[in-house]
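Next come the chains, spelled out residue by residue.
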Amino acid sequence: FFLSVDLVSSYSMTPPTLSITEEEHVINSGDTLSITCRGQHPLEWSWPGGKVDPAGKEKEAESVASAAPISGWAIREDDCEGTGTKPYCKVLVLTETQANDTGYYRCYYKYINAKIEGTTAISAYVFVRDFEQPFINKPETLLITKKESTWVPCLVSVPNLNVTLISQNSLIHPDGKSTFWDNKKGVRVPTHLIRDSLFVQCETVIDKKVFKSNFFIIHIAGSELYDIQLYPKKAMELLVGEKLVLNCTVWAEFNSGVRFQWTYPGKQTQRAVTEPERRSLQTHTELSSILTLQNVSQQDLGKYTCTATNGAQLLQESTDVIVHEKPFINVEWRKGPVIEATAGDEAVKLPVKVVAYPPPDFQWYKDGKLIPKQSQSSMQIKDVSEQHAGMYTLVLRNRLAGLEKRISLQLIVNVPPRIHEKEASSPSIYSRRSPQALTCTVYGIPAPEVIQWQWRPWMPCRMFSRRSLHRAARRHQRDRMPECKDWKDVSQQDAVNPIESIDTWVEFVEGRNKTVSKLAIQEANVSAMYKCIASNKVGRDERLIYFYVTTIPDGFEIESQPSEEPIEGQDLQLSCNADNYTYENLQWYRLNLSKLHDEEGNPLVLDCKNVHHYATKMQGELRFQTDSNDATLLLTIPNISLGEEGDYVCEVQNRKTREKHCHKKYISVQALEIPRLKQNLTDIWVNVSDSIEMRCKVDGNHIPDISWYKDEKLVEEVSGTVGWGVNQR
């Protein structure tokens, strides 16, 4: 590429110099051309049809070397002796010159990319004069655009000629105004004079002999280029000896014409072949240039650039071509041999860096077993779970070349801690003065090193929704937790309930090593709230334990007074005692014996859900204990009769779960028996002043009222009597 002088004003160097100083140097066909170049830096030459374009800018007319030079034609670059200020010297020698050697010859500094005329490069235009071949252009298409004037590139080997432009309709003579002649570019002509022609050509007369150039086919082109693409889009990789094919395609305005030019490492030796393609579509024109290079070598690697122009616009696209000497496979870790993920992650990648050509076959293994349908160099695991942990191995093979490489990565899947007891129902009511053990069984990866126990007094807390720190737990676990800020660590010194020990150990449970922590309480005295906390590097879990201490062991119970087998006529009291923190809506029922069997006489299976269909509701008196949180529903049955014998049911409702629970007690009423003396009193003789004892023995199923009589008078108080003792049996 070429830059204007102001963009490289930072260059402070002397440009190369040539042994010929005139702008136009003229020699005759068959002569030898020799030009010497000297400069401050290593030098290199370019010439018409060889190496880079010597014009220093985008050419509007190119000099074209002959396809088959005459015998003896040769060109070479030789080193020569420099001077003190210009130590580098390079001479260009061209023997047996011919007309097609006419054009720009340029000397430039070899290792400086910017080729700037007068700064890093110097050039001269050489005419190789051949009066039998004054025109040197090949037949080509002349693109006619909307520009007011067009260059017809009639290049000549003889500098001082009178040239006329011929169209199928007229002769156009350069007048130096609207139409003029340049012996290095051709004829510039107003576009409207030639746009309706099929072709044009140049004509000159030498010694009364008429010479005409090759035809220029007129092509009316659109004025806009839409886009350019170079395929393949990615860098091209090949092995030595393979064929390179690049496709440069331009999308242009309908009926447009485009001139393509390729730049590539082997252009100076014309290594590649280019072929044009054109497709006229309904709305636009698609034009392509196909570059083909057979048997590539490592000298062909580098940047390949396609330039397309219609005279008004210029589009350019480049790609890199890499040529490998032989097949190879290189593979390495991107992040190291160990990759960590967390259960519940949306995805985890096992990243490896593979550099290989040709592309090898890929196979992934997990713990030595082939993973089917996985043929990519990188693996992505979605919805990560603990089962995905293991050793993954990537095997890369090029069977034709006999190459194989493998690399292994260990995937560690961390699991946030999860407390097992949260998933199962656990008691929340504890008997007063009883020993208790609170347990938290935790599973997580890595295993939590410490399980922390905390407590707080029994009092309400504001509720809020807590979600676990980890995404997976956020999806699968949502607990209602109290927002209490007055938690304290459990210690054996100042515990409200005496602590016997806090032990933590690892135990194999359900096929896994789990961490178990047990808080042993010597004596349950005071209601409190306890929680255990387990954490590892990827999460945290808590278990809240409502430690409610009650005098009622199971939460509610039935008591009967005087007994469960009262005697006919006694007053019976049935007490349904319930812990008021846990239960509410106490209710008494008496089962109806006639409804306890179906139509076939089979006994019905009763539970708390259907007991009210087969029972009679009974009114009781609700009382609350002043020294505890217990409630009692008292059912009084005065003067109980034999017909009131049966099952009595107390129903309560759990405040938290809203489930109903029942206790049943069978009351067996004993029939009243008439008392009967087991022994009659007989005559007893005693001495004066002696003490005597008389016994009255009675049979019966209840304690009767016994009265003593003396001389048919009720004994209440007898003067001189020490005392009466009554043994009622």
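What you see is a predicted model; the values in this text were computed from it and never measured. (Residues numbered from 1 in each chain as written. Predicted model: local features only at pLDDT ≥ 70, side-chain atom pairs only at ≥ 80, totals over all residues. Heavy atoms only, no water.)

**Student:** Which residues make up the nonpolar core, and what values do they have?
**Tutor:** Formed by 26 residues in total, the largest nonpolar core has its most connected members in Leu244, Leu246, Trp262, Leu291 and Tyr304. Of all elements in the fold, only β18 (225–231), β19 (236–239), β20 (244–253), β23 (284–293), β24 (302–309) and β25 (314–324) reach the threshold of two or more residues within this core. It is β20 that provides the largest number of residues to this core, a total of five residues. Each residue touching Leu291, except ones within four places of it in the same chain, is listed here: Leu244, Val245, Leu246, Trp262, Tyr264, Ala272, Val273, Thr274 and Tyr304. Formed by 22 residues, the second largest nonpolar core is a distinct cluster that contains Leu161, Leu165, Val187 and Val189. (Core = buried A, V, L, I, M, F, W, Y, C linked by side-chain atoms within 4.5 Å. Buried < 20%, exposed > 50% of the residue type's maximum accessible area, 1.4 Å probe, protein only. Helix = DSSP H or I, 4+ residues; strand = E, 2+ residues; numbered from the N terminus. Contact = heavy atoms within 4.5 Å.)

**Student:** Which residues make up the packing of aromatic side chains, and what values go with them?
**Tutor:** All chains considered together, the criterion is met by eight aromatic pairs. Geometrically, the ring pair formed by Phe199 and Phe215 is edge-to-face, given 4.7 Å between the ring centres and 75° between the ring planes. Here Phe199 is found in strand β15 (residues 199–206), whereas its partner Phe215 is found in the loop between β16 (209–212) and β17 (216–220), with 16 residues between them in sequence. A relative accessible area of 28% places Phe199 in the partly exposed class. Phe215 sits in the partly exposed class, given a relative accessible area of 40%. Here the aromatic rings of Tyr530 and Phe547 are separated by 5.5 Å at their centres, their planes lie at 85°, and the arrangement is edge-to-face. Residue Tyr530 is found in strand β43 (residues 528–536), and its partner Phe547 is found in strand β44 (residues 539–550); the two are separated by 17 residues along the sequence. For Phe547, a relative accessible area of 0% gives the class buried. (Phe/Tyr/Trp six-rings, centres within 6.5 Å; stacked < 30°, edge-to-face > 60°.)

**Student:** Which residues make up the state of the cysteines, and what values do they have?
**Tutor:** Tallied over the full model, the rule gives seven disulfides. Paired by a disulfide, Cys80 and Cys89 hold their sulfur atoms 1.7 Å apart. Between Cys80 and Cys89, the S-S torsion sits near -85°, and that sign places the bridge as left-handed. Its relative accessible area of 27% is what places Cys80 among the partly exposed residues. (Disulfide = S-S within 2.5 Å.)

**Student:** Give a detailed account of the sheet that holds strand β7 (residues 103–109), specifying residues and quantitative values.
**Tutor:** Taken together, the four strands give an open sheet; going across it, the order is β2-β8-β7-β4, and neighbouring strands pair in mixed fashion. Unpaired on one side and paired on the other, β2 (24–28) and β4 (43–46) mark the two borders of the sheet. Ignoring strand direction, the axes of neighbouring strands in this sheet form an average angle of 25°. The sheet contact formed by β4 and β7 spans four bridges and is antiparallel. Directly across from Leu43, in β7, lies its bridge partner Tyr109. (Pairing = 2+ DSSP bridges. Axes fitted to C-alpha atoms, helices over the stretch in contact; angles between N-to-C directions.)

**Student:** Give a description of the pattern of salt bridges that names residues and reports values.
**Tutor:** Applying the stated criterion across every chain, the model contains 25 salt bridges. The closest approach of N and O atoms between Asp78 and Arg76, which form a salt bridge, is 2.8 Å. For the salt bridge of Arg106 with Glu117, the shortest nitrogen-to-oxygen distance reads 2.6 Å. Taken together, the residues Arg106 in strand β7 and Glu117 in the loop between β7 and β8 (121–129) connect sequence positions eleven residues apart. Residues joined by salt bridges that share partners form a network here, namely Glu277, Arg279 and Glu286. (Salt bridge = Lys/Arg side-chain N within 4 Å of Asp/Glu carboxyl O.)

**Student:** Let's hear about the environment of Lys110: which residues, and what values?
**Tutor:** With respect to the element layout, Lys110 can be found in the loop between β7 and β8. When the C-alpha atoms of Lys110 and Glu44 are compared, they prove to be 5.3 Å apart, with 66 residues separating the residues in sequence. Setting aside its immediate chain neighbours within four residues, Lys110 contacts Pro42, Leu43 and Glu44.

**Student:** Which residues make up unusual backbone geometry, and what values do they have?
**Tutor:** A cis amide bond links Tyr357 with the next residue in sequence, Pro358, at an omega value of -10°. By secondary structure assignment, the location of Pro358 is in the loop between β29 (352–357) and β30 (361–366). Cis peptide bonds are those with omega within 30 degrees of zero, and the linkage from Gln561 to Pro562 qualifies with 10°. Its location among the elements puts Pro562 in the loop between β45 (556–561) and β46 (572–579). The phi dihedral of Glu96 is positive, around 50°, even though this residue is not glycine. By the secondary structure assignment, Glu96 is in the loop between β6 (88–95) and β7.

**Student:** So what's going on with the sheet that holds strand β49 (residues 621–624)? Residues and values would help.
**Tutor:** In a beta sheet, neighbouring strands are held together by backbone hydrogen bonds and run either parallel or antiparallel to one another. One open sheet holds the four strands; their spatial order is β45-β46-β50-β49, and the pairing between them is antiparallel. At either end of the open sheet lies a strand with only one pairing partner, and these are β45 and β49. Within the sheet, the average angular offset between the axes of one strand and its neighbour, ignoring direction, is 25°. Strand direction decides the pairing type here: β49 and strand β50 (residues 630–637), joined by four bridges, are antiparallel. For Phe624, the partnering residue across the bridge sits in β50 and is Ala631.

**Student:** Would you mind going over the side chain of Ser213 in detail, with residue names and values included?
**Tutor:** With respect to the secondary-structure elements, Ser213 resides in the loop between β16 and β17. When near neighbours in sequence (up to four residues on either side) are disregarded, Ser213 contacts Phe135, Asn137, Cys154, Gln201 and Cys202.

**Student:** Explain the side chain of His284 residue by residue, including any values.
**Tutor:** With respect to the element layout, His284 can be found in strand β23. Assessed through its relative accessible area of 18%, His284 is described here as buried. Excluding residues that lie within four positions of it along the chain, His284 makes contacts with Tyr226, Trp251, Ala252, Phe254 and Arg279.

**Student:** Can you break down the confidence of the model for the protein chain residue by residue, with the values?
**Tutor:** The share of residues in the protein chain with pLDDT of 70 or more is 85%, and the mean pLDDT across the chain is 83. In this model, residues 1–10 is a region of pLDDT below 50 whose contacts with residues beyond four sequence positions or in other chains number 13 contacts. Per-residue pLDDT stays below 50 along residues 717–729; that stretch engages in 16 contacts with residues further than four places along the chain or on separate chains. (pLDDT = per-residue confidence, 0-100.)

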